[in-house]
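Chain residues, written in single-letter form:
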Amino acid sequence: MHKLTLLLLSFLLFSTFLSAQSDTLPPKIFLRNMELGIDAVPYIAGEVGASVLFKKRFRGPYFRGKSHRQTSLRSHFKFTGYNSGFRQYLGITAADTLSYRRFNGQYQHLGLSLGIEQQFVRKRLGTYIGAEAFGFYKWSNGEYQVDAYPFGQNTPFITETYDGGFAERAFGVAALFGIRYFIFSQLSLGLEVHFSAALSFTEVENQRDGFILYDNNHTLDYRLQPIRVLYLSYHFGQ
């Protein structure tokens, strides 16, 4: 997270400096037919895999004064893997003991979004607003561990370990806002923020004593993501 914050601040300072410089290039040359971007957020977070953003012109471009715009269709595809886990409070399992259950495993994340956006450009600075529908599936196989904390002690002892799995499916919609700077006429650096609402379904699997137990749940989540996509894009086509 510290790396992401530092990178964001560097980008903002860089954009502020460059936007103050005189630029004689006409804005319309920055509105290309297609765009292919690589999202850096998963890699900064330690994930491995692919996260790409593709955009295709739908209408326009429209030229008016110093500001130009066009409408584009967009899609975002992500398939990454990472190590992670979660911790669950089990309560007081004995007269003087608190218990927690931890899960650690190798996660896989498969996500796809489709949407539309209105793009604006003035000199080398571009902005856009839009909306999209999205869905993702995360799953993992790993190990559960139950830790017991006797009152007055900071060091737990392990009472049980067993195999299990975790899966989450989510479907939702999001409103988005983006800003980018064109380093060259065909290369830009940008970032996005999102506000989303999604219906999430989770399933936890426990394999204990020869039995397989399931715990299912579903929730409606509202989420504001200050930095959802930080990407380098190549723009091409007339």
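Up top is the structure.
Reading guide: rules and limits
- Residues numbered from 1 in each chain as written.
- Predicted model: local features only at pLDDT ≥ 70, side-chain atom pairs only at ≥ 80, totals over all residues.
- Heavy atoms only, no water.
- 1 Å grid on protein atoms, 1.4 Å probe; cavity = no way out; pocket = protein on both sides within 12 Å on 5 of 7 lines; lining within 4 Å.
- Points joined across faces, edges and corners; volume = space filled by probe spheres on them.
- Helix = DSSP H or I, 4+ residues; strand = E, 2+ residues; numbered from the N terminus.
- Nonpolar A, V, L, I, M, F, W, Y, C, P; charged D, E, K, R; others polar.
- Salt bridge = Lys/Arg side-chain N within 4 Å of Asp/Glu carboxyl O.
- Buried < 20%, exposed > 50% of the residue type's maximum accessible area, 1.4 Å probe, protein only.

Enquirer: Quick rundown of empty space enclosed by the protein? Include the residues and the values.
Expert: Within the structure shown, the criterion is met by one cavity of 30 Å³ or more. If you add up the space inside the largest cavity, you get close to 50 Å³. Along its surface, the largest cavity is lined by 13 residues, and Arg32, Glu35, Gln70, Gln119 and His235 are the ones closest to its centre. Put simply, the parts of the chain that give the lining of the largest cavity at least two residues each are β1 (34-39), β2 (48-64) and β3 (67-94). Here the element with the most residues in the lining of the largest cavity is β2; it accounts for three residues. A class-by-class count of the residues in the lining of the largest cavity yields two nonpolar, five polar and six charged.

Enquirer: Which residues make up the pattern of salt bridges, and what values go with them?
Expert: Per the stated rule, a full pass over the model turns up nine salt bridges. Between Arg180 and Glu35 there is a salt bridge whose closest N-O contact spans 2.6 Å. Here the residue Arg180 occupies a position in strand β6 (residues 157-184), and Glu35 occupies one in strand β1, the gap between them amounting to 145 residues. Of the two residues, Arg180 and Glu35, neither departs from the other in class, the shared state being buried. Glu117 serves as the salt-bridge partner of Lys55, at 2.9 Å between the closest nitrogen and oxygen. Here the residue Lys55 occupies a position in strand β2, and Glu117 occupies one in strand β4 (residues 97-122), the gap between them amounting to 62 residues. By the burial criterion, Lys55 is buried, and Glu117 matches it. Linked through salt bridges whose partners overlap, the residues forming this network are Glu35, Lys55, Arg74, Glu117, Glu132, Arg180, Glu192 and Arg228.

No statement about biological role is implied by the geometric values presented.
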